[in-house]
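In case you want the letters, here they are:
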Amino acid sequence: MAITRGFTGRRRQAERDPRLPPGQYDVGRSWPVLTAEATPRVDAERWSLTIDGLVAHPTSWSLAELKALAGAADDTYRGDIHCVTTWSKLDTSFTGISLDTLLGIAQPLPEATHVVEESTTRYTTNLPLEDVTGGKAWVVWEHEGKPLSREHGGPVRVVVPHLYFWKSAKWISKIHLLDHDQPGFWELNGYHDHGDPWLEQRFDGD
Ligand SMILES: Nc1nc2c(c(=O)[nH]1)N[C@H]1C(S)=C(S)[C@@H](COP(=O)(O)O)O[C@H]1N2
Ligand SMILES: [Mo]
């Protein structure tokens, strides 16, 4: 028995997809919806994104303006996403604009160290500025080539795929820059402040 169990264990380990962080499973083609609040109906025509706080040029963009800015660049993230509730979705894609482009316009002041993403619903999540710069974060309106559905944050959400997905606010409306860390909705309710899936930073104290 012991030999069989050991053999099975090793085989399972060998078959485990190296793209899966510890404690995660692959949901395949499906995509679970995780929403704490009621799903809002956001009018894409009237929606805008604002970057403000500790920036030289506080700026708001309509969706048409964001699309024009993205233009031919067609900024697409292709890769994996990981939810703290243990599902991961591998090799998926989101199209929008890199936060680098938007922050390049707003220009964070030298003292800016953190951002808070704010949804139209008042959901918030906090990140160090360095986790949303350097090609790590996108503001997106398409998933796998189709408009982002309402339950997944449409018309526009954030995607920060290297952190657990609660750091990716749906129905984004504002990105606020601060000179200190300011825990958001889940961070005030027991989740880890940073949320690195490879370090299993699920809960406060992990
Ligand atoms: N506004 C808002 N954004 C949110 C959430 C939420 O409840 N409200 N849930 C977060 C969590 S915990 C996850 S895992 C992902 C879920 O995104 P999905 O529903 O598109 O899979 O969105 C994140 N962004
Ligand atoms: Mo999540």
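Whatever comes next refers back to the structure up there.
These numbers were taken from a predicted model, which means no experiment stands behind them. (Residues numbered from 1 in each chain as written. Chains lettered and ligands numbered in written order. Predicted model: local features only at pLDDT ≥ 70, side-chain atom pairs only at ≥ 80, totals over all residues. Heavy atoms only, no water.)

Further remarks concern the overall build of the chain. Per the secondary structure count, the chain includes three helices and 11 strands. Across the chain, helices and strands are ordered from the amino to the carboxyl terminus as α-β-β-β-α-β-β-α-β-β-β-β-β-β. Computed over the C-alpha atoms, the radius of gyration of the chain is 18 Å, within 12% of the 17 Å expected from 2.2 N^0.38 for a compact globule of 206 residues. Overall, the C-alpha framework of the chain stretches about 65 × 35 × 30 Å when taken along its three principal axes. Burial analysis of the chain (206 residues in total) assigns 45% to the buried set. About 10400 Å² of surface is accessible on the chain, with carbon and sulfur atoms providing 53% of the total. (Helix = DSSP H or I, 4+ residues; strand = E, 2+ residues; numbered from the N terminus. Rg over C-alpha atoms; globule rule 2.2 N^0.38 Å. Buried < 20%, exposed > 50% of the residue type's maximum accessible area, 1.4 Å probe, protein only. Areas by Shrake-Rupley, 256 points an atom, 1.4 Å probe, with all protein chains shown as cover.)

So, about the packing of aromatic side chains. The way to describe two aromatic rings as a pair is by their centre distance and the angle between their planes. Counted by the stated rule, this structure contains 10 aromatic pairs. Each ring, one from tryptophan 31 and one from phenylalanine 94, has its centre 5.7 Å from the other, and the planes form 75 degrees; the classification is edge-to-face. One end of the pair, tryptophan 31, is in the loop between strand S1 (25-26) and strand S2 (48-53); the other, phenylalanine 94, is in strand S5 (residues 87-98), and 63 residues separate them in sequence. Each member of the pair, tryptophan 31 as well as phenylalanine 94, is classed as buried. (Phe/Tyr/Trp six-rings, centres within 6.5 Å; stacked < 30°, edge-to-face > 60°.)

We now examine the environment of alanine 38. Relative to the helices and strands, alanine 38 resides in the loop between S1 and S2. In this structure, the C-alpha to C-alpha distance between alanine 38 and aspartate 196, residues 158 residues apart in sequence, is 27 Å.

Further remarks concern the side chain of glutamate 187. With respect to the element layout, glutamate 187 can be found in the segment after strand S11 (172-178). The buried category is assigned to glutamate 187, whose relative accessible area is 9%. Of note is the side chain of glutamate 187, whose polar atom sits 2.6 Å from the side chain of lysine 167. When residues no more than four places from it in sequence are discounted, the contact partners of glutamate 187 are Thr124, Thr125, Asn126, Trp166, Lys167, His192 and Asp193. (Polar contact = N/O pair within 3.5 Å; in protein donor to acceptor, adjacent residues only side chain to side chain. Contact = heavy atoms within 4.5 Å.)

What follows covers the site of ligand 1. Not every one of the 20 residues close to ligand 1 is listed here, only the nearest: Pro32, Ala36, His152, Arg157 and Lys170. Note that a nitrogen atom of ligand 1 is positioned 3.0 Å from one of the side-chain N or O atoms of serine 119. Protein coverage of the free-state accessible area of ligand 1, which is 520 Å², stands at 99%. The class makeup of the residues in the shell around ligand 1 is 12 nonpolar, five polar and three charged. (Near = heavy atom within 4 Å. Nonpolar A, V, L, I, M, F, W, Y, C, P; charged D, E, K, R; others polar.)

A word on the side chain of aspartate 196. Relative to the helices and strands, aspartate 196 resides in the segment after S11. Buried within the structure, aspartate 196 lacks any salt-bridge partner; its nearest side chain of opposite charge belongs to arginine 202, at an N-O separation of 10 Å. Non-local contacts of aspartate 196, meaning those with residues more than four positions away in its chain, are made with His162, Leu163, Tyr164 and Gln201. (Lys, Arg positive; Asp, Glu negative; His and termini not counted. Salt bridge = Lys/Arg side-chain N within 4 Å of Asp/Glu carboxyl O.)

With that settled, the discussion passes to the sheet that holds strand S6 (residues 114-119). Across the sheet, five strands lie side by side as S3-S2-S11-S6-S7; this open sheet has mixed pairing. A strand with exactly one partner marks an edge of an open sheet, and here the two such strands are strand S3 (59-62) and strand S7 (124-128). The average angle at which neighbouring strand axes cross in this sheet is 15 degrees, direction not considered. Relative to S7, S6 runs antiparallel, the two sharing five bridges. Across the sheet, residue glutamate 118 finds its bridge partner in S7, namely threonine 124. Contacting S2 and S3, helix H2 (residues 63-70) crosses the sheet at an angle of about 95 degrees to S3. (Pairing = 2+ DSSP bridges. Axes fitted to C-alpha atoms, helices over the stretch in contact; angles between N-to-C directions.)

Within the fold, threonine 95 resides in strand S5. According to the relative accessible area criterion, threonine 95 is buried, its value standing at 11%. Through-space distance from the C-alpha of threonine 95 to that of glutamate 187 is 27 Å; in sequence the pair is 92 residues apart.

To continue, consider helix H3 (residues 99-106). In an α-helix, one turn spans 3.6 residues, which is why side chains three or four residues apart end up on the same side. Listed as buried for H3 are Leu99, Leu102, Leu103 and Ala106. For H3, the arc enclosing every buried residue in end-on projection is 95 degrees, short of the 170-degree limit, so these residues lie on one face. Where H3 is buried, its residues touch S2, S3, H2, S5, strand S8 (138-143) and S11. Glutamine 107 occupies a position one or two residues after H3 and carries a positive phi of about 60 degrees. (Arc of directions from axis to C-beta.)

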